[in-house]
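The lines below spell out each chain.
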Amino acid sequence: MAVKAPCQGEGCRRQAADGRSRRRTADGGLLCRPCRERLDSGLAELAHLYEECGRMLAGAAPAGLRERTTGGDLPGLPFNGAAADVRARMVSVLGSWSGLVAQERGFASPPRTVAALAAFLRRNGDWLAGHPAAAEATEEIARLVRAGRRAAFPDQARSIRLGGCPEPGCAGSLTVAVHGAARDAGQDADRAVLCDADPAHRWTSDQWSELSRTMDSGREPGTPGPAATERWLTAADIARLWHTSTGTVYRLASEQRWRRRNRAGRTYYNETDVRTCFDRRAAARA
């Protein structure tokens, strides 16, 4: 039996830099299974981040986050330089890796769009995971995903309004505020669901699935009764509440056919569908 070598993926290289052991490779490639899955989910997320960054170019960013002003035919037009830069990098980096795959495998090159390039690389992901440059591929894709998240969802404390406080007699509203930097670093310190009327009414976002069932009903958590009113959340909101990546959110939304709505060019997902999906996943893990 062949001895499996240490994984060369970006995730395991980070582990090694922190003094932890690398995982072992899987399926005859150069990546372990988690790093292989992270490469695939990163490619899937890039297509969505490209569109999110495009919305920032269209003026979706808060005024204080618009980085510079263009001249030329339309002087004074707000322009988000970070979003434009990361979109250009996505096309360039994905185009380069797709070119390598197409050349070495004798395939026709895909159209030069982020969606087509990312889909092409995902179809050839197993081959890429065994290529001598697999480590560089995982590193560049992960770097692009981080840059795309920063540009699409700027590092600011964002409050997500969740609905009325379920505590008896309380007229307050619940919100969850998460700093972008804390989210990217995997920190949970700011992930708390808070009531704006009484600071004692406080829950961790891990309790959201149960808490959301009781909101707007005036019942104690865990008490049987009708479901809470429907809510609609963005992919970023879902990632914050369920402590996952936006790439996973987009994948599950597609696989599980979550109901969705579009408002002002942004997609919102039905919270009940989302909660049911994550409850099912948690039960399967248990």
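Residues numbered from 1 in each chain as written. Predicted model: local features only at pLDDT ≥ 70, side-chain atom pairs only at ≥ 80, totals over all residues. Heavy atoms only, no water.

Student: In this structure, what is going on with the overall build of the protein? I would like to understand it.
Tutor: Looking only at helices and strands, the protein has eleven helices and nine strands in total. For the protein, with 286 residues in total, the buried portion stands at 44%. A fraction of 53% describes how many contacts in the protein between residues 6 or more apart in sequence connect residues 24 or more apart. Of the roughly 14700 Å² of accessible surface on the protein, 49% is carried by carbon and sulfur atoms. (Helix = DSSP H or I, 4+ residues; strand = E, 2+ residues; numbered from the N terminus. Buried < 20%, exposed > 50% of the residue type's maximum accessible area, 1.4 Å probe, protein only. Contact = heavy atoms within 4.5 Å. Areas by Shrake-Rupley, 256 points an atom, 1.4 Å probe, with all protein chains shown as cover.)

Student: Sorry, what's going on with the pattern of salt bridges here?
Tutor: It is possible for side chains of opposite charge to pair when their charged atoms get near one another. Per the stated rule, a full pass over the model turns up twelve salt bridges. With its nearest N and O atoms 3.1 Å apart, the salt bridge here joins Glu271 to Arg275. You can see Glu271 and its partner Arg275 sitting in helix α11 (residues 271-285), four residues apart, about one turn around the helix. Arg275 matches Glu271 in its accessibility class, with the two residues each being buried. The structure contains a network of salt bridges with shared partners spanning Glu10, Arg14 and Arg146. (Salt bridge = Lys/Arg side-chain N within 4 Å of Asp/Glu carboxyl O.)

Student: Explain helix α3 (residues 81-105) to me, please; I cannot follow it from the model alone.
Tutor: Residues three or four positions apart in an α-helix share a direction because the helix packs 3.6 residues into each turn. Over its 25 residues, α3 runs 36 Å from end to end, which matches the ideal 36 Å to within 8%, given 1.5 Å per residue. A positive phi of about 75° marks Gly106, the residue just after α3. (Expected span 1.5 Å × (residues − 1).)

Student: How should I be thinking about the confidence of the model for the protein in this particular structure?
Tutor: Detailed reading of the predicted model is not advised wherever pLDDT is low. Residue-level pLDDT values for the protein average 76, and 76% of them are 70 or greater. Note on residues 61-78: pLDDT is under 50 here. Beyond four places in sequence and across chains, it has 25 contacts. Every residue in residues 179-190 scores below 50 in pLDDT, and together they form 20 contacts with partners more than four places removed in sequence or on other chains. (pLDDT = per-residue confidence, 0-100.)

Student: Looking at this model, I keep getting lost on the environment of Glu139. Mind explaining?
Tutor: The residue Glu139 is located in helix α6 (residues 134-152) in this model. Residues Glu139 and Leu39 lie 100 residues apart in sequence; the distance between their C-alpha atoms is 9.0 Å. Non-local contacts of Glu139, meaning those with residues more than four positions away in its chain, are made with Glu10 and Arg13.

Student: I would appreciate a short explanation of the side chain of Glu45 in the present structure.
Tutor: Residue position: Glu45 is located in helix α2 (residues 33-60). Judged by its relative accessible area of 2%, Glu45 is buried. With residues near it in sequence (within four places) discarded, Glu45 still touches Val145, Arg149, Ser245, Thr246 and Gly247.

Student: Quick question: what am I supposed to make of the sheet that holds strand β8 (residues 260-263) here?
Tutor: In sheet architecture, strand pairing relies on hydrogen bonds along the backbone and comes in two forms, parallel and antiparallel. The antiparallel open sheet is built from three strands, whose spatial order is β7-β9-β8. Both edges of this open sheet fall to β7 (232-233) and β8, since each of them pairs with a single strand only. Where β8 lies against strand β9 (residues 266-270), four bridges are found, and the strand directions are antiparallel. In the sheet register, Asn262 faces β9, and the bridge partner there is Thr267. α11 contacts β7 and β9 of the sheet and is inclined by roughly 60° relative to β9. (Pairing = 2+ DSSP bridges. Axes fitted to C-alpha atoms, helices over the stretch in contact; angles between N-to-C directions.)

Student: Explanation requested: the nonpolar core in the structure shown.
Tutor: Considering soluble globular proteins, one finds that nonpolar side chains tend to be buried as a cluster. If you look at the biggest cluster of nonpolar residues, it comprises 39 residues, and the most contacted ones within it are Leu46, Met90 and Leu94. Those elements giving two or more residues to this core turn out to be α2, α3, α4 (114-123), α5 (125-129) and α6. If one sorts the elements of this core by residue count, α3 sits on top with nine residues. Leu94 has contacts with Leu43, Leu46, Val114, Leu117, Ala118, Leu121 and Ile141, leaving out every residue within four places of it along the chain. Judged by nonpolar contacts, the second largest core, of 25 residues, contains Leu162, Trp208, Tyr250 and Leu252. (Core = buried A, V, L, I, M, F, W, Y, C linked by side-chain atoms within 4.5 Å.)

Student: Is there a simple way to think about the packing of α3 against α6 in this case?
Tutor: Packed helices, taken two at a time, are described by their axes: the angle between them and the distance between them. Interhelical geometry of α3 versus α6 gives an angle of 160° and a closest axis separation of 9 Å. Classed by the angle they form, the pair α3 and α6 counts as roughly antiparallel. The element α3 and its partner α6 pack so that their crossing is left-handed. For the pair α3 and α6, the contacting residues are Ala82, Ala83, Val86, Arg89, Met90, Val93, Leu94 and Trp97 in the first and Glu136, Ala137, Glu140, Ile141, Arg143, Leu144, Ala147, Gly148 and Ala151 in the second. (Parallel < 35°, antiparallel > 145°, perpendicular 65-115°, else oblique. Left-handed = near helix turned anticlockwise from the far one by under 90°.)

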